[in-house]
Amino acid sequence: MEEAISHYFAYLKNEKHVSSNTLDSYRRDIGQFLSYMNEHCSSSPIDAGHTDILNYLLYLRNSGKASSTISRTLASVRSMYRYLFMRHLVSVDPTMDVHSFKVEKKLPQILTNTEVEKLLEQPKPNDPKGYRDKAMLEMLYATGIRVSELIALRENDVNLGVGFITCRHNGKERIIPIYTIARDAVKAYTERIRPHLLRAELPTDILFLNLNGKPLTRQGFWKIMKQYQDAAGITKTITPHTLRHSFAVHLLENGADLKSIQEMLGHTDISSTQIYERILNKRMNEVYQNTHPRAKQKNLL
């Protein structure tokens, strides 16, 4: 079984070209499932049946796992068994016709234009950290790229003369324009700061470096953003992904078409982008209900 699963992860990486974060998630979910099978079931994972999968989902729910976590776990385990079945390594797919618990889909949190301005005003170009952080936050809001894409950017991915970046994700490449303020912030960082962060013993072409000359991590960037969120007085629960969502909604508000936003975000399916229409419609309805002089009046007929 171990060899088969090893081949499965190689298949995900080399043939499906899943991201390292997705691969880590699959490894974690499947590892926890296999541990459960070894500890709680008499049958081996390769002989697992429909009931074993259902019992595992109930075990997760009784352990207090969120519905979204259970759904993701089922997707990971199902993907593994489909691969094993396709390779004739199991006689049946035990996940077939197994459905997870209903997941309540919540609309993502976004920032208002004013909140974005407050956030972007926080990094002060007075020292290396301020220059770098200003460039990173402006880049995120200018392009809507993922944090994983931001910290993976290389020097040659940014064309400041023309005003665009080249972004790569899951083996696909896309071109995204950047506005002038972001271009200037990145230019100031690359010309005045980055050369001094580089260390001879740690050569790299990664664009954004920490103060020790090493590439930034996702966790490092999250701490940076939390610092500026607190400084800006933003009380919403936000993550680095919030700027990506805000980028999309603000473009939509100002007349951008959904197809263009889809291409800039790198969504393979337009349905992933349509959620921003739902956010915009919800906001418009709230504005209408709160501001129209007759919206709160009772029907007198």
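One can find the structure itself at the top, above this paragraph.
Being a predicted model, the structure only gives us computed values, none of them experimental. (Residues numbered from 1 in each chain as written. Predicted model: local features only at pLDDT ≥ 70, side-chain atom pairs only at ≥ 80, totals over all residues. Heavy atoms only, no water.)

Tell me what's going on with helix H3 (residues 50-62), and back it up with residues and numbers.
Given a rise of 1.5 Å per residue, 13 residues ought to cover 18 Å, and the 19 Å separating the end C-alpha atoms of H3 matches this to within 8%. Residues of H3 that are buried: Asp 52, Ile 53, Tyr 56, Leu 57 and Leu 60. Taken down its axis, H3 places every buried residue within 135 degrees of arc, on the same side. Summarising the geometry of H3, the exposed residues directed more than 90 degrees from the buried face are Thr 51 and Asn 62. Those residues of H3 hidden inside the fold are in contact with helix H2 (20-40) and helix H4 (67-86). Once H3 finishes, Gly 64 follows within two positions and takes phi at roughly 90 degrees, a positive value. (Helix = DSSP H or I, 4+ residues; strand = E, 2+ residues; numbered from the N terminus. Expected span 1.5 Å × (residues − 1). Buried < 20%, exposed > 50% of the residue type's maximum accessible area, 1.4 Å probe, protein only. Arc of directions from axis to C-beta. Contact = heavy atoms within 4.5 Å.)

Report on the packing of aromatic side chains, specifying residues and quantitative values.
Counting across every chain of the model gives nine aromatic pairs. Between Tyr 8 and Phe 9, the ring centres sit 5.3 Å apart and the planes meet at 50 degrees, which makes this aromatic pair tilted. The pair formed by Tyr 8 and Phe 9 is uniform in burial state, with each residue classed as buried. Put simply, the rings of Phe 33, Tyr 36, Tyr 56, Tyr 59 and Tyr 81 touch in pairs and so form one group of aromatic residues. (Phe/Tyr/Trp six-rings, centres within 6.5 Å; stacked < 30°, edge-to-face > 60°.)

Could you give an account of the pattern of salt bridges, with specific residues and numbers?
Throughout the structure, instances matching the rule amount to 13 salt bridges. Residues Lys 236 and Glu 115 are paired through a salt bridge, measuring 2.8 Å at the closest nitrogen-oxygen approach. With Lys 236 in the loop between helix H9 (218-232) and helix H10 (240-253) and Glu 115 in helix H5 (residues 113-121), this residue pair connects regions lying 121 residues apart in the sequence. Judged by its relative accessible area of 22%, Lys 236 is partly exposed. Ionic pairing is found between Lys 226 and Asp 230, a salt bridge with its closest N-O pair at 3.0 Å. Highlighted residues: Lys 226 and Asp 230, both in helix H9, separated by four residues, approximately one helical turn. (Salt bridge = Lys/Arg side-chain N within 4 Å of Asp/Glu carboxyl O.)

Mind laying out the nonpolar core, listing which residues take part and the relevant values?
The biggest cluster of nonpolar side chains holds 54 residues, and the ones touching the most others in it are Met 139, Ile 145, Leu 150, Tyr 189, Phe 208, Phe 221 and Leu 243. For this core, the element with the most residues is helix H6 (residues 128-143), which contributes eight residues. In terms of nonpolar packing, the next biggest core, distinct from the first, is built from 28 residues, Leu 23, Tyr 56, Ile 70 and Val 90 among them. (Core = buried A, V, L, I, M, F, W, Y, C linked by side-chain atoms within 4.5 Å.)

Got a sec to walk through the sheet that holds strand E3 (residues 172-177)? Specific residues and values, please.
Sheets are built from strands paired through backbone hydrogen bonds, the pairs being either parallel or antiparallel. With antiparallel pairing, three strands are arranged side by side in an open sheet as E1-E2-E3. Bordering the open sheet on either side are strand E1 (158-159) and E3, each of which pairs with just one other strand. Summarising the sheet, strand E2 (residues 164-169) and E3 pair through six bridges and their orientation is antiparallel. Across the sheet, residue Phe 164 finds its bridge partner in E3, namely Pro 177. (Pairing = 2+ DSSP bridges.)

Outline the side chain of Asp 52, supporting the account with residue identities and numerical values.
Relative to the assigned elements, Asp 52 resides in helix H3. Here Asp 52 is buried and forms no salt bridge, its nearest opposite-charge partner Arg 78 lying at an N-O distance of 15 Å. In this structure the side chain of Asp 52 is engaged in a polar contact, spanning 2.9 Å, whose partner is the backbone nitrogen of Gly 49. Contacts of Asp 52, omitting those with residues within four sequence positions, involve Tyr 36, Met 37, Cys 41 and Ser 43. (Lys, Arg positive; Asp, Glu negative; His and termini not counted. Polar contact = N/O pair within 3.5 Å; in protein donor to acceptor, adjacent residues only side chain to side chain.)

A description of the side chain of Thr 166 should follow, citing residues and the corresponding values.
Along the chain, Thr 166 turns up in strand E2. A relative accessible area of 11% places Thr 166 in the buried class.

Quick rundown of helix H12 (residues 270-291)? Include the residues and the values.
The end-to-end C-alpha distance of H12 is 32 Å, a good match for the 32 Å that 22 residues give at a rise of 1.5 Å each. Inspection of H12 places Thr 273, Tyr 276, Ile 279 and Leu 280 among the buried residues, and these make up the whole buried set. Buried residues of H12, viewed axially, fall in a sector of 90 degrees; they line one side. In the core, the buried residues of H12 are packed alongside H10 and helix H11 (258-265). Capping the start of H12 is the job of one residue whose side-chain oxygen sits 3.0 Å from the backbone nitrogen of Ser 271: Asp 269.

Requested: an account of the packing of H6 against H9, with residues and values cited.
Direction vectors running N to C along H6 and H9 enclose 95 degrees, while the axes themselves pass 11 Å from each other. Classified by the interaxial angle, the pair formed by H6 and H9 is roughly perpendicular. Residues Lys 129, Arg 132, Asp 133, Met 136, Leu 137 and Leu 140 of H6 touch H9, and the partners they reach there are Phe 221, Ile 224, Gln 227 and Tyr 228. Here the contact of H6 with H9 is built from residues that sort into six nonpolar, one polar and three charged. (Axes fitted to C-alpha atoms, helices over the stretch in contact; angles between N-to-C directions. Parallel < 35°, antiparallel > 145°, perpendicular 65-115°, else oblique. Nonpolar A, V, L, I, M, F, W, Y, C, P; charged D, E, K, R; others polar.)

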